[in-house]
Amino acid sequence: MSEEHKPKRPWMVAVWPGMGHVAISAGYYLMAKLGMQYLGEFTSNGLFDVDYAIIQSGIVQKTQRPRSRFFIWKAPEGKRDIIVFIGEAQPPQGKFEFCEKLIDFARDQGVERIFTFAAMATEMLPEHDSRLFGAATDKETLKELDRPEVRYLEEGHIGGLNGVLLAAAADKGMEGVCLLGEMPHVFAQLPFPKASLAVLEVFAEMAEVAIDLTELKEQSVAIEKQLGELLAKFKQKMADKQSGESEEYEPEDDSDQELAEADREKIERMFAQAAEDRSKAYELKNELDRLGVFEEFEDRFLDLFKRPE
């Protein structure tokens, strides 16, 4: 990049899919609400292999390995830029080497601090507030997490690239922070936006950037209600089983269904709206997730951020 286009004192947030979609949801929300622009792609140098073929309507689809992309928010004068790195998957091998190269790229862009987001699975119930835990690569950076809403992660380990990237940052002398949002371990495979909200509230404060969190708060309330009802049904089923009562079990129909025309038309309208106003992109992502088709539209979704301001 030329000097005039170099990021200004940037911080970089790196996210991958994981428990509760905590990190990846926070990354997408940050990217959408700040109206970020596509910066570039990070090559994996053959670290990803192919384990299966994707079939659609009887046709074998072309192979596409998981991609890793950068997006940037150019801050107003006097503020720092924010770079978001979104990885579609974590490499099954060569994790530390991958992270070392990512740190080298970040340093070339002038990145001053790396952030990763993660989930902290505990015995909490869906209606409880998500606590936030934090860890840092050095004592000075850790002091910035000394705030009422953050608890230090005193010991243990952070699995996956959310942790490995910080280990690589520590080895290379770069500041790094991991923010972990609490979520119920019994729902580890389901989205838990309340944890993403806890993460973004503190990140926004640390980065001194204004983010409209209204949509994420509303989504948190809705998911809390759904999970609460699910948990209540499970407890009732267990109670019925212990009392000797039983009911017929009918498996859900998991067969793939063609996307309804009305849903496809709605998706097209939402893509058009998001193209005009990128802050609406997160609403589009939620709809794609609800319909179970985000992977089908992921490249097109991320292409929205290649548009100039």
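What you are looking at is a predicted structure, and each value in this text was computed from that prediction instead of being measured.

Student: Could you clarify how one ought to interpret the overall build of the protein chain in this entry?
Tutor: Along its length, the protein chain carries nine helices and ten strands. Seen through its C-alpha atoms, the protein chain measures out along the principal axes to roughly 70 × 50 × 40 Å. Going through the 309 residues of the protein chain one by one, you find that 43% of them count as buried. Of the contacts made within the protein chain by residues no fewer than 6 positions apart, 77% connect residues no fewer than 24 positions apart. As displayed, the protein chain offers around 17,200 Å² of accessible surface, 48% of which is attributable to carbon and sulfur atoms. Here the protein chain holds 38 positive side-chain charges and 59 negative ones, and the gap between their average locations is 4 Å.

Student: Just checking my understanding: could you explain the state of the cysteines for this structure?
Tutor: Note: disulfide means a covalent bond formed between the sulfur atoms of two cysteine side chains. Enumeration over the complete set of coordinates arrives at zero disulfides. Here Cys99 stays free of any disulfide, with the sulfur of Cys178 as its closest cysteine sulfur at 12 Å. Assessed through its relative accessible area of 0%, Cys99 is described here as buried.

Student: Any chance you could explain the environment of Ile59 here in plain terms?
Tutor: Tracing the backbone shows Ile59 in strand S4 (residues 59-60). You can call Ile59 exposed: its relative accessible area is 52%. Between the C-alpha atoms of Ile59 and Ala167, which are 108 residues apart in sequence, the distance is 43 Å.

Student: Is there a simple way to think about the environment of Ala204 in this case?
Tutor: Summarising the element assignment, Ala204 is placed in helix H5 (residues 193-207). Judged by relative accessible area, Ala204 falls into the buried class, the value being 9%. Here the alpha-carbon distance between Ala204 and Leu30, two residues 174 residues apart in the chain, equals 9.3 Å. Non-local contacts of Ala204, meaning those with residues more than four positions away in its chain, are made with Val209 and Ile211.

Student: Looking at this model, I keep getting lost on the side chain of Ser196. Mind explaining?
Tutor: Within the secondary structure, Ser196 is located in helix H5. Here Val22 takes part through its backbone oxygen, which lies 2.9 Å from a polar atom of the side chain of Ser196.

Student: How should I be thinking about helix H7 (residues 261-276) in this particular structure?
Tutor: Within an α-helix, residues lying three or four positions from one another point in the same direction, as the helix has 3.6 residues per turn. Between its terminal C-alpha atoms H7 stretches 23 Å, which fits the 22 Å expected from 16 residues at 1.5 Å a residue. Of the positions making up H7, those classed as buried are Ile267, Met270, Phe271 and Ala274. One face of H7 carries all of its buried residues, which in axial projection span an arc of 105°. When the buried face of H7 is taken as reference, the exposed residues oriented beyond 90 degrees from it are Glu261, Ala262 and Glu276. If you follow the buried residues of H7, they end up packed against helix H8 (281-290) and helix H9 (294-303).

Student: Can you walk me through the nonpolar core in this structure?
Tutor: Generally speaking, a soluble globular protein has its nonpolar side chains buried in company with each other. Core analysis: the biggest nonpolar cluster contains 65 residues, and Leu30, Phe117, Leu179, Phe203 and Phe301 have the highest contact counts within it. Dropping the residues within four chain positions of it, Phe117 is found in contact with Val13, Ala14, Val15, Ala23, Ala26, Asn162, Leu179, Val199, Leu200 and Phe203. Ranked by size, the runner-up nonpolar core spans 27 residues in total, among them Phe70, Phe85, Ala118 and Leu165.

Student: Explanation requested: the sheet that holds strand S8 (residues 132-136) in the structure shown.
Tutor: Strand pairing in a sheet is mediated by backbone hydrogen bonds. Such pairs are either parallel or antiparallel. Taken together, eight strands build an open sheet; the order of strands is S2-S5-S6-S1-S7-S10-S8-S9 and the sheet is mixed. For this open sheet the edge positions go to strand S2 (37-41) and strand S9 (150-152), each flanked by a neighbour on one side alone. Across the sheet, the mean angle separating the axes of adjacent strands is 30° when strand polarity is ignored. Here H5 sits on the sheet in contact with strand S1 (11-15), strand S6 (82-87), strand S7 (113-122), S8, S9 and strand S10 (175-184), set at roughly 150° to S10.

Student: I keep staring at the pairing of S8 and nothing clicks. Help me out?
Tutor: Along any regular strand the residues' side chains alternate between the sheet's two faces. Where burial is concerned, most of S8 is hidden: four out of the five residues are buried. Pairing of S8 with S9, which is carried by three bridges, proceeds in the parallel orientation. Bridging across to S9, Gly134 finds its partner in Tyr152. Bridging between S8 and S10 involves five bridges; their strand directions are antiparallel. Of the residues in S10, the one forming a bridge with Gly134 is Leu179.

Student: Sorry if this is basic, but what is going on with the packing of H8 against H9 here?
Tutor: Packed helices, taken two at a time, are described by the angle between their axes plus the distance between the axes. Between H8 and H9, whose axes approach to 9 Å, the crossing angle comes to 160°. Relative to H9, the element H8 lies roughly antiparallel. Where H8 crosses over H9, the handedness of that crossing is right-handed. Of the residues in H9, those touching H8 at Ala281, Leu284, Lys285, Leu288 and Asp289 are Phe294, Phe297 and Phe301. In terms of residue class, the contact of H8 with H9 is built from six nonpolar, no polar and two charged.

Criteria and cut-off values
- Residues numbered from 1 in each chain as written.
- Predicted model: local features only at pLDDT ≥ 70, side-chain atom pairs only at ≥ 80, totals over all residues.
- Heavy atoms only, no water.
- Helix = DSSP H or I, 4+ residues; strand = E, 2+ residues; numbered from the N terminus.
- Buried < 20%, exposed > 50% of the residue type's maximum accessible area, 1.4 Å probe, protein only.
- Contact = heavy atoms within 4.5 Å.
- Areas by Shrake-Rupley, 256 points an atom, 1.4 Å probe, with all protein chains shown as cover.
- Lys, Arg positive; Asp, Glu negative; His and termini not counted.
- Charge placed at Lys NZ, Arg CZ, Asp CG, Glu CD.
- Disulfide = S-S within 2.5 Å.
- Polar contact = N/O pair within 3.5 Å; in protein donor to acceptor, adjacent residues only side chain to side chain.
- Expected span 1.5 Å × (residues − 1).
- Arc of directions from axis to C-beta.
- Core = buried A, V, L, I, M, F, W, Y, C linked by side-chain atoms within 4.5 Å.
- Pairing = 2+ DSSP bridges.
- Axes fitted to C-alpha atoms, helices over the stretch in contact; angles between N-to-C directions.
- Parallel < 35°, antiparallel > 145°, perpendicular 65-115°, else oblique.
- Left-handed = near helix turned anticlockwise from the far one by under 90°.
- Nonpolar A, V, L, I, M, F, W, Y, C, P; charged D, E, K, R; others polar.

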